[in-house]
Amino acid sequence: MSPAEVGKVDAVIGALADPTRRAVLDVLSERGSASASTLAERLPVSRQAVAKHLAVLEEAELVAPQRAGREVRYTVRAEALDATARWMAGLAADWDRRLAAVKRAAEDQS
């Protein structure tokens with residue numbers, strides 16, 4: 001994984017560490033797109049807090065803003081999630097191989 005890819009995965013994991021940001025992504029996934037005001041109506045935080053969470057999600061490339069007149073609507077960008085999921089799958093595969101080797105070694109000792 002290149003340093004740029006590592007940085008993107010770190011940004012995604014950092015953004016997803018917050019439960020409110022995960023809730024924002026859930027609402028956006030359900031609705032397709034929404035403004036910060038609409039999101040604030042569905043979440044137990046203020047519009048200003050939603051805007052700050054959206055900025056973190058945008059920085060991690062998890063959401064994309066689209067201007068519609070005076071309103072900015074946000075949509076989920078799956079690419080960053082896909083890259084992070086691939087990294088996590090690779091990590092899980094490495095652990096599976098290691099655990100299989102430990103199991104084989106333990107069985108050979110029996």
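Residues numbered from 1 in each chain as written. Predicted model: local features only at pLDDT ≥ 70, side-chain atom pairs only at ≥ 80, totals over all residues. Heavy atoms only, no water.

Draft legend 1. Geometry of the sheet that holds strand 2 (residues 63-68). Pairing within the open sheet is antiparallel, and its three strands lie in the order 1-3-2. The open sheet has two edge strands with one neighbour each: strand 1 (34-35) and strand 2. For strand 2 and strand 3 (residues 71-76), the ladder comprises six bridges, and the chain directions are antiparallel. Bridge pairing in strand 3 places glutamine 66 opposite arginine 73. Taken strand by strand, helix 2 (residues 19-31) contacts strand 1, strand 2 and strand 3, and its axis lies near 95° from that of strand 3. (Pairing = 2+ DSSP bridges. Helix = DSSP H or I, 4+ residues; strand = E, 2+ residues; numbered from the N terminus. Contact = heavy atoms within 4.5 Å. Axes fitted to C-alpha atoms, helices over the stretch in contact; angles between N-to-C directions.)

Draft legend 2. Representation of the layout of surface pockets within the structure. If you add up the space inside the largest pocket, you get close to 180 Å³. Lining the largest pocket are 14 residues, with Lys8, Ala60, Glu61, Ala80 and Ala83 positioned closest to its centre. Those elements giving two or more residues to the lining of the largest pocket turn out to be helix 1 (3-16) and helix 5 (78-109). For the lining of the largest pocket, the leading source of residues is helix 1, giving six residues. Of the residues assigned to the lining of the largest pocket, the class counts are six nonpolar, two polar and six charged. (1 Å grid on protein atoms, 1.4 Å probe; cavity = no way out; pocket = protein on both sides within 12 Å on 5 of 7 lines; lining within 4 Å. Points joined across faces, edges and corners; volume = space filled by probe spheres on them. Nonpolar A, V, L, I, M, F, W, Y, C, P; charged D, E, K, R; others polar.)

Draft legend 3. Seen up close, the nonpolar core. Membership of the largest hydrophobic core comes to 19 residues, with the highest contact counts inside it found for Leu28, Leu39, Leu54 and Leu62. Counting residues per element, the ones that place at least two in this core are helix 1, helix 2, helix 3 (36-42) and helix 4 (47-59). Here this core gets four residues from one element, more than from any other, and that element is helix 2. In contact with leucine 62, not counting residues within four places along its chain, are Val12, Ala15, Leu16, Leu25, Leu57, Thr75, Val76, Arg77, Ala80 and Leu81. (Core = buried A, V, L, I, M, F, W, Y, C linked by side-chain atoms within 4.5 Å. Buried < 20%, exposed > 50% of the residue type's maximum accessible area, 1.4 Å probe, protein only.)

Draft legend 4. Structural view of the packing of helix 2 against helix 4. For the pair helix 2 and helix 4, the least separation of the axes is 10 Å and the interaxial angle reads 80°. It follows from the interaxial angle that helix 2 and helix 4 lie roughly perpendicular. Residues Thr20, Arg21, Val24, Leu25 and Leu28 of helix 2 form the contact with helix 4, whose own contacting residues are His53, Leu54, Val56 and Leu57. Of the residues belonging to the contact of helix 2 with helix 4, the class tally is six nonpolar, two polar and one charged. (Parallel < 35°, antiparallel > 145°, perpendicular 65-115°, else oblique.)

Draft legend 5. Seen up close, helix 2. Its 13 residues place the ends of helix 2 18 Å apart at the C-alpha level, agreeing with the 18 Å of an ideal helix rising 1.5 Å per residue. Along helix 2, the positions that sit buried rather than exposed are Arg21, Val24, Leu25, Val27 and Leu28. Along the axis of helix 2, the buried positions cluster into a sector of 160°, meaning they face one direction only. Pointing more than 90 degrees away from the buried face of helix 2 are the exposed residues Pro19, Ser29 and Glu30. In this structure, the buried residues of helix 2 make contact with helix 1, strand 1, helix 3, helix 4, strand 2 and strand 3. The residue sitting at the N-terminus of helix 2 and contributing the capping side-chain oxygen is aspartate 18; that oxygen lies 2.8 Å from the backbone nitrogen of threonine 20. (Expected span 1.5 Å × (residues − 1). Arc of directions from axis to C-beta. Polar contact = N/O pair within 3.5 Å; in protein donor to acceptor, adjacent residues only side chain to side chain.)

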